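Now for the letters of each chain:
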Amino acid sequence: MGKRRQKIIPVTYRNAGVDIDEGELFIERIKEKLPYIGGFSGIFPLKLSEYRDPALVATADGVGTKLLICEMMGQYNTIGIDLVAMVVNDLVVYGAEPLFFLDYYATGKLKVERAEEIMTGIIEGCRRSKCILLGGETAELPGLYGAGQFDLAGFGVGIVNRNKVIDGKRIKTNDVLIGIASNGLHSNGYSLARHILLEKNKCSLDTYYEELNETLGECLLRPTIIYTKLILDIVRNFDVKGIAHITGGGIRGNLARILPYRVDAEIYIDSWEVPPIFEMIRRLGP
């Protein structure tokens, strides 16, 4: 009897859970919005004529568990704005003008429509902050993330003259502290918010709440304010000694970062209107 032939099935990336074709389709889609994309690295022409003693400022950040609200709502077109905002708002507190931004998008299985929605938000965030989306990375990691899971990270670089760096060192007693309003939770505190609102009190993202004047989902997905233009306009016209970006840790945790030794901040907590989502979380917590 002759030997029976064994059929050999080649192992491919697709067998391992990575769809190269989907990745190529995604690149083709976003090329329409970003015609320069596709290289291994981004090249930024640095013009230093306006800077006598330039310093580059760099930072990286993400959007935390706000991603889970996107998944629950099936809405991904604003989370990219959040990503850019969290990075450029950290740059501008030093008085730095954002130059360029890069993103990192990791997922268990690449879904082109969702990825395109996210990229649309990132492009809009860069437009609002007047920085260039220089490049990024899209990684399909089926062994690390579940099929519907994904994560986002962003990296940005800004520029400022060294003698114009705002670092809080000149802050002294009797200086005036001015707060600039948020529009809600921005991209922080979502683990606590989800626990209180969705898990403990069974609130629905689709329900309209009078105290919010909108649905809970709309409120929680409102994109983070990008303060770049406002802050840069202020520092051009006034002597600003320190700026704190209020993120995780709140006013107490973030303001302390810029205060010199033996200087404390006195805050009049009744001097501004608190966005209703904070009152709702405090009431339902309690």
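Look up: the structure comes first, before these words.
Only a predicted model underlies this, so the values are computations on that prediction, with no experimental measurement involved. (Residues numbered from 1 in each chain as written. Predicted model: local features only at pLDDT ≥ 70, side-chain atom pairs only at ≥ 80, totals over all residues. Heavy atoms only, no water.)

Colleague: Can you help me understand the overall build of the chain in this one?
Modeller: When helices and strands are counted, the chain shows nine helices and six strands. Scored against the burial criterion, the 286 residues of the chain give a buried share of 41%. Expressed as a percentage of contacts within the chain between residues at least 6 apart in sequence, the contacts between residues at least 24 apart total 84%. (Helix = DSSP H or I, 4+ residues; strand = E, 2+ residues; numbered from the N terminus. Buried < 20%, exposed > 50% of the residue type's maximum accessible area, 1.4 Å probe, protein only. Contact = heavy atoms within 4.5 Å.)

Colleague: How should I be thinking about the pairing of strand β2 (residues 97-107) in this particular structure?
Modeller: Successive residues of a regular strand alternate their side chains across the two faces of the sheet. Among the 11 residues of β2, eight are classified as buried, and the element is accordingly described as predominantly covered. Pairing of β2 with strand β4 (residues 150-161), which is carried by 10 bridges, proceeds in the antiparallel orientation. Counterpart to Phe 100 in the pairing with β4 is Val 157. Bridging between β2 and strand β3 (residues 132-140) involves eight bridges; their strand directions are parallel. Counted as the bridge partner of Leu 102 is Gly 135 from β3. A crossover connection joins β2 to the parallel β3 through helix α4 (residues 112-129); in handedness this β-α-β unit is right-handed. (Pairing = 2+ DSSP bridges. Right-handed = clockwise from strand over helix to strand, strands pointing away.)

Colleague: I tried to follow helix α3 (residues 79-92) on my own but got confused; where do I start?
Modeller: Taking 1.5 Å of rise per residue, the 14 residues of α3 would be expected to cover 20 Å, and the 20 Å separating its terminal C-alpha atoms lies within 8% of that figure. Of all the 14 residues making up α3, 14 are buried; the element is thus mostly covered by neighbouring parts of the structure. (Expected span 1.5 Å × (residues − 1).)

Colleague: I keep staring at the sheet that holds β3 and nothing clicks. Help me out?
Modeller: Whenever strands of a sheet pair, they do so through backbone hydrogen bonds, lying parallel or antiparallel. Taking strand neighbours across the sheet as the criterion, the four strands line up as β1-β4-β2-β3 in an open arrangement whose pairing is mixed. Every interior strand has two partners, whereas the edge strands, β1 (54-62) and β3, have only one. Within this sheet the neighbouring strands show an average axis-to-axis angle of 15°, counted without direction. Together, β1, β2 and β4 form the strand contacts of α3, whose direction differs from that of β1 by roughly 140°. (Axes fitted to C-alpha atoms, helices over the stretch in contact; angles between N-to-C directions.)

Colleague: Even after reading the chapter, I still don't get unusual backbone geometry, so can you show me in this structure?
Modeller: Excluding glycine, residues mostly have negative phi values, and the peptide bonds linking residues are mostly trans. Across the junction of Gly 285 and Pro 286, the peptide omega takes the value -15°, indicating a cis bond. Position of Pro 286 relative to the elements: it lies in the segment after α9 (276-284). With phi around 65°, Asn 213 is a residue other than glycine that occupies positive phi space. Of the residues examined, Asn 213 reaches a relative accessible area of 57% and is grouped as exposed.

Colleague: What is the right way to read the packing of aromatic side chains from this model?
Modeller: Enumeration according to the criterion identifies three aromatic pairs in this entry. Between Phe 44 and Phe 100, the aromatic rings sit 5.3 Å apart at their centres with planes inclined by 45°, giving tilted as the arrangement. Of this pair, Phe 44 sits in the loop between α1 (20-31) and β1 while Phe 100 sits in strand β2; the two residues are 56 residues apart in sequence, bridging distant segments of the chain. Relative accessible area serves as the criterion here: at 15%, Phe 100 is assigned to the buried category. Ring geometry for Tyr 105 and Phe 150: centres 5.8 Å apart, planes at 70°, overall edge-to-face. Of this pair, Tyr 105 sits in strand β2 while Phe 150 sits in strand β4, and the two are 45 residues apart along the sequence. A single burial state applies to Tyr 105 and to Phe 150, both of which are buried. One aromatic cluster in this structure is built from Tyr 76, Tyr 105 and Phe 150. For the cation-ring pair, Arg 114 lies above Tyr 76, with the distance from its terminal atom to the ring centre recorded as 5.6 Å. (Phe/Tyr/Trp six-rings, centres within 6.5 Å; stacked < 30°, edge-to-face > 60°. Lys NZ or Arg CZ within 6 Å of the ring centre and 35° of its normal.)

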